[in-house]
Amino acid sequence: MTAIAVVGAQWGDEGKGKIIDMLAEKAAVVVRYSGGDNAGHTVINSRGEFKLHIIPSGIFYSHTTCIIGNGTVINPAVLIGEMDNLSQRGVDLSRLYISDRAHVIMPYHILLDGLEEDKLGGNALGTTRKGVGPAFTDKAARLGIRVGDLMDKPGFLKRLNLVLERKNQILTKVYGVQPLVLEEVYQQYCRYADRLAPHVRETSEMLDSALKKKEIVLLEGAQGVLLDPDFGTYPYTTSSSPMAAGACLGAGIGPNQVRQVLAVFKAYCTRVGGGPMPTELKDDIGEAIRQCAHEFGTTTGRPRRCGWFDGVVARFSARINGYTGLAITRLDVLDNFPKLKICTAYHLDGKTIDELPARTEDLERCQPAYEEMDGWMTPISGIRQYSHLPVEARRYIKRLEELCN
Ligand code: IMP
Ligand code: MG
């Protein structure tokens, strides 16, 4: 049929894993198109609860091909650990494929992620310290090592030798830590290569043939639009594009193949890590949301910052991604609030604005302008039909739809 991009519309953790898991039942292929194991998707199904960081959430269906796309960066140790965990729990991995163009997270990336964050001190970005940023840095700097490179051992050794020499200079001379030993890294990554080799493919060809057969291809994003390096709250962003446009690039298909762009929004906002978040609630309400929804990071366990739904962010996110549909998750978290707030504009330096400022310093000074709505004060998690929702809940959803245009 067509390719459907599933995009995290806020700061990540909107529940993409759950939505992909539902949609994957009807999909032939699911592709992860960006990020690395900084992402964390929780999927709960009949086999139990699974926390996935790099393997697409479609893996639970025996008919679904799962691809880790060229736009990702892969820590082989994490990937292999996830594969082992899944196969021990009876999940078939024969339809898991890895793009030979995806970049590999190397031990120096992980070291540097931590060292750079420590060096920034109070200005730290709050990264997940998984080496994702440094791996994408090397991709842009033409110093990366790709999955395909691991498949040719002599070539890999040559490349690693060249890159490691430079990385060791930074490790020893800038940060004063021990250098990495070429032979050790090489041997370790050769073992990973042997293990992953049966899964490595030119994956964009696989997508092309699925699309030609009119099968459904799901493009699974990681993180959220407000963490995009171009449009997010730079520099408090991640380093690859979670946007719908990033899906084409990170999977290797043309934009005209993407017929649906499904935005996944939480019914409120959360953010993990540093950077501005205008509707953040540092009070009892924020704490109540965090406890009720168990808002702690899947990858790092950090408490997520919680706040009211931000309509300025939502409108911006909708405009730059061209959403064709919204999936609103965790509405039931708001069951017990008599009054709900939605931010519809910001106050900045005596003016009211309804666009997201580009500069983080400006966004940090923005005060949310709220509109208040009545809560529904009744449990809704058992409700399966829109028309059965309390009228206040339907009004709330309607308002989110309006704000997203
Ligand atoms: P990095 O992607 O590890 O470099 O982290 C950069 C920023 O993105 C930090 O604020 C992280 O907390 C945030 N981040 C990265 N991955 C995720 C995710 O999957 N969900 C939510 N936030 C994330
Ligand atoms: Mg997550």
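Reference entry: report on the structure contained in this document. (Residues numbered from 1 in each chain as written. Chains lettered and ligands numbered in written order. Predicted model: local features only at pLDDT ≥ 70, side-chain atom pairs only at ≥ 80, totals over all residues. Heavy atoms only, no water.)

## Some details on the overall build of the protein
Part 1 of the argument: When you go through the protein residue by residue, the secondary structure sums to 13 helices and 18 strands.
Part 2 of the argument: Taken against the 2.2 N^0.38 rule, which gives 22 Å for 405 residues, the C-alpha radius of gyration of the protein at 22 Å falls within 12% of a compact globule.
Part 3 of the argument: In terms of overall dimensions, the protein has C-alpha extents of about 65 × 50 × 40 Å along its principal axes.
Part 4 of the argument: Burial status across the protein gives 55% buried among its 405 residues. (Helix = DSSP H or I, 4+ residues; strand = E, 2+ residues; numbered from the N terminus. Rg over C-alpha atoms; globule rule 2.2 N^0.38 Å. Buried < 20%, exposed > 50% of the residue type's maximum accessible area, 1.4 Å probe, protein only.)

## Side note on the environment of K16
Part 1 of the argument: Counting through the fold element by element, K16 comes out in helix 1 (residues 16–23).
Part 2 of the argument: Separated by 249 residues in sequence, K16 and F265 have C-alpha atoms that sit 8.8 Å apart.

## Section: the sheet that holds strand 1 (residues 3–8)
Part 1 of the argument: Here eight strands make up an open sheet; going across it, the order is 9-7-5-2-10-1-11-15 and the pairing parallel. With partners counted over all chains shown, the strands left at the sheet margins are strand 9 (200–201) and strand 15 (325–329), one partner each.
Part 2 of the argument: Pairing geometry for strand 11 (residues 258–266) and strand 15, over five bridges, is parallel. Bridge pairing in strand 15 links L262 to G325. (Pairing = 2+ DSSP bridges.)

## Some details on the packing of aromatic side chains
To describe a pair of aromatic rings, one takes the distance between the centres and the angle between the planes.
Part 1 of the argument: A full pass over the atoms with the stated rule returns eight aromatic pairs.
Part 2 of the argument: When the ring of F265 is compared with that of Y323, the centres are 6.1 Å apart and the planes differ by 85°; the resulting orientation is edge-to-face. With a gap of 58 residues between them, F265 in strand 11 and Y323 in the loop between helix 11 (311–321) and strand 15 connect regions that are remote in the sequence. With respect to burial, F265 and Y323 carry one shared label: buried.
Part 3 of the argument: Taken together, the ring pairs connect F265, F309 and Y323 into an aromatic cluster. (Phe/Tyr/Trp six-rings, centres within 6.5 Å; stacked < 30°, edge-to-face > 60°.)

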